[in-house]
Every structure is written in C-alpha cells, then in structure tokens.
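# Chain and residue survey
Below, each chain spelled out in residue letters.
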Amino acid sequence: MRFDTILFDLDGTLTQSGEGIEKSVAHALRTLGYPVPPEERLREFVGPPLYESLLKIARVREEDVSRAIEVFRERFREVGWRENRVYPGIPDLLSGIARSGGHSIIVTGKPEPLAQKVARYFGLDRLLDGLVGTRYDERRSDKEHLIARALEGRNPGRVAMVGDRRFDIEAARRRGFFTIGVTYGYGSREELEQAGADQIVETPQALREFLEVPLPRGRFLTFEGTDGSGKTTQLNRLRARLEEMGYSLVFTREPGGCPISERIRQVVLDIGSLGMSDECEALLFAAARAEHVRSIILPALAAGKIVLCDRFLDSSIAYQAYGRELGEDLIRQINAPAVGRLKPDLTVLLLTDAATALGRQRAAHASDRMEVEKAQYFDRVLAGYRRLSEQEPDRFRVIDAAGSIDTVYSAVEAAVLDFLH
Ligand code: TYD
C-alpha cells in the first residue's frame, strides 16, 4: 500500500448523505421562514460547516443561525441520518486497507456521536481504526484541528487525506499531508484542483487502485429453502440493505440467472411441463446451472464481487435427490460438470413445516409445476435439506422461517453480516 494511515472525510467521500442533509436544511429554513434555495444550491451544504453555509448560501441572519442549526439537527437526528448510503465499493476499500496492514480513520465535521451512529448503522465501524468528529463541548470544528486529534498518540507513518471538498484538502495540506480529492462526492474537480489536491480520482475503485489496495476475494452466498419459506421476500430486503451498505453485489438466481438458463427455467417450471420425467428435470436443472456458473458466477467472483444466489446445487440435492428420490450420488454426478469445484462460502437455509409453507403459497400466487407436489414430497425435501445442513454445519446457517417477516429478517441479516465482516 502507498500509505499507512488514510484519513477519510465521511459525507460525500464514504457516504452519499446529501439527501438527508438537503432535506434537513430545507426543513430548517422553512421552519424559520426563509426561502428554500434551489436543489443545486442546497447540494452545496453537503460537506462544509453548516454555520457558514447558512450565512453565505441561505443568507440566514446571524442571530437566527443557532436556531436554524438546532432545527436542522432535530430533523437530522430523527430521520435525516438514515437518508444516506455508502458509496458502492467502500467496504471493499476499507477492508482491503485493513488486510494490507493500513489504518483508516474518519475525520468529519459532523457531531461525533452522530457520525458514530451512521458508521455503526452502515457497517463501517468494524472496518475503521478510529472516528473523529466535532464534540459538543469543543469550540473548534475546523478540519485541521480534527485531523490533529485523529492522529494524537498514534504513530501514523505515511498519511493521506481523502475528501470531496476543499476544506478536506486545504486542512490536510496545511499539515503537510498527501491529499486525494474524490469527484464522486459533492465537490467539483475545479474546487479540488484549486484547493491543491495532489491526486484526483473519480470513483471508489479508482481510489482503491491509486492507494494500491488489493481487490477483495469474491464471495459466494447462496439462499436455500423450502417452497413458501418467504425466501424471496427476505432476499429482496437483504439485497437493499447490502446495497445501502456499499457492498459490490451480483444478485442472481437458479434455475435462471442468465438468458439461456432463464429459458431452461421456463421449460422446467412451466405448468405445461407436467409429466416431465424426474431424470429430465434433474438434467435440466444441472444444464441451467452449468451455463449460469460459467457466464455469471465465476466471472463475478473473479472480479471480487459478492454473489448472492437464490438457490444452487443444494436445491437439486434436496428436491431431485431427496424429493424425487433419485439419490444423492446420481445428482452429484450429473452436477459435477456444472459446478466443478465451485462451492458456496455460506448458505442461508430457511425452513418451514409443510402446513405453514402451503398456507403462504396459496395466499401468495398461483402454483407452478414444482409447487403442486404432495405433502410427502415436501417432507422429503425438508429432510434432504436438514441432512445437508448436518453434513456441513460450518457452511449452513439454518433459520426457522415460521416467525414474522421481521424476526426472520433479523436472523438472516445477522448471519450474513457476521459472515461478511
Ligand atoms: P422459484 O420460483 O424460484 O421458487 P422459490 O421462490 O421457492 O425459490 O422456483 C424454483 C423451484 O425450482 C422450486 O420449487 C425449487 C425448484 N428447484 C429444484 O427442484 N431443483 C433445483 O436445482 C433448483 C435450482 C430449483
């Protein structure tokens, strides 16, 4: 790595916090009876100290500024802080820095407790070595002072500051540190150039490359479950959460996931295919998988992505080997050319009993061919899944899917985040 300690601005550098800040500024101005500036001017509030922006951009009278900040903070503390997301690729960058022996510290003008709350909620805290923000009892909130505090008592080695506004660059330059401006945040390239940034990058990926932080290892996560376990609902929620946390995701499913395999999916799931032989069914699932693995999963893993796949080989074991009673050996054999040595790093398995599952399915939609099977078939699939999870307890996280959507989701999220961190 090119540096030992990297100081990161938060808003506009690690997180895209504009929405929450803009809405809260607009709310404060409206409450105090000031006109709300147009959107492009509101954007200028993201990054610089609020006090000055209220005076200069919104022309708030000096005597009203404290009250405006108070109203801003009230809304921001309640909802604004969550109207935010981590830029895609940031967790890769921070975990890469940690793995290379480097240190990442957030230096932000935000009140420190609030910044900590944001870092925790978006999963950045575990990837950091420190966080410095403005303290309520502190008069000075300029970045130079914050940078000094961030480095206090440390032996930081080679230091670089990364930020999206001139305040970040100017402050770090005054202390003689290398400065990197990012244009994907809220400042323009001209602003960063004028401030004297030593390097300017346009994306978090370009930042990672410039810092010489290695690409992360790809990770393969699969989701399995009996029909009607609520897997799709859970996956959609998880996907949205991981995206707001900035993870580089590829979201896919089986059977399907790529054009050829989606066509096989139509054949195999179509209610018009009733009467298809069990062997044909098993081979079609394997064929779809062979294409999907090669065209989607392996390339994504090679690019360091997290692949989230809705069903994989375990489905064929549970449904075809156990459900259809074709036997585990045969199903593993016909899937060998499809999967090669590829194996999930983590498998979340959602299980429900037959009664709950059938009730949910009927409520949700018309059944496809696979779902009109009998209760004994369902029980064999369930038994197959249980057996798989007992064979490989380290890979499986078995979750009882009988609870409410929220309860099940908490367990799903905890299992996945625990694995990713
Ligand atoms: P899908 O609509 O994806 O169901 P779900 O939302 O429950 O995942 O349909 C997938 C169906 O295909 C499901 O019933 C399980 C079955 N299946 C197999 O039998 N073998 C397999 O290898 C795969 C991938 C799926």
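Residues numbered from 1 in each chain as written. Predicted model: local features only at pLDDT ≥ 70, side-chain atom pairs only at ≥ 80, totals over all residues. Heavy atoms only, no water.

As annotated in an unreviewed UniProt entry, the protein chain is Thymidylate kinase from Candidatus Pullichristensenella excrementigallinarum. The protein chain has a UniProt comment under Catalytic activity (unreviewed entry) that states "dTMP + ATP = dTDP + ADP". The protein chain has a UniProt comment under Sequence similarities (unreviewed entry) that states "Belongs to the thymidylate kinase family." (UniProt positions renumbered as here; feature names shortened; annotations may be inferred.)

### Here's the deal with the UniProt feature "binding site: ATP" (unreviewed entry) in the protein chain
When the UniProt feature table is mapped onto this chain, "binding site: ATP" (unreviewed entry) is found at Gly-225, Thr-226, Asp-227, Gly-228, Ser-229, Gly-230, Lys-231 and Thr-232. Looking at the secondary structure, you find Ser-229 in the loop between strand S7 (219-225) and helix H11 (231-244). Using a relative accessible area of 3% as the deciding quantity, one classes Ser-229 as buried. Among the polar contacts made by the side chain of Ser-229, one reaches the main-chain carbonyl oxygen of Thr-226 at a distance of 2.9 Å. Among the structural elements, Thr-232 can be located in helix H11. Classification of Thr-232 as partly exposed rests on a relative accessible area of 46%. (Helix = DSSP H or I, 4+ residues; strand = E, 2+ residues; numbered from the N terminus. Buried < 20%, exposed > 50% of the residue type's maximum accessible area, 1.4 Å probe, protein only. Polar contact = N/O pair within 3.5 Å; in protein donor to acceptor, adjacent residues only side chain to side chain.)

### Concerning the packing of H11 against helix H18 (residues 405-420)
H18 packs onto H11 with a crossing angle of 50° between their chain directions and a minimal axis gap of 10 Å. As the angle between them shows, H11 and H18 are arranged oblique. Seen from above, H11 lies across H18 with right-handed handedness. Contact residues: Thr-233, Gln-234, Arg-237, Leu-238, Arg-241 and Leu-242 in H11; Ile-405, Asp-406, Val-408, Tyr-409, Val-412, Glu-413, Val-416, Leu-417 and Leu-420 in H18. Residue classes in the contact of H11 with H18 are distributed as nine nonpolar, two polar and four charged. (Axes fitted to C-alpha atoms, helices over the stretch in contact; angles between N-to-C directions. Parallel < 35°, antiparallel > 145°, perpendicular 65-115°, else oblique. Left-handed = near helix turned anticlockwise from the far one by under 90°. Contact = heavy atoms within 4.5 Å. Nonpolar A, V, L, I, M, F, W, Y, C, P; charged D, E, K, R; others polar.)

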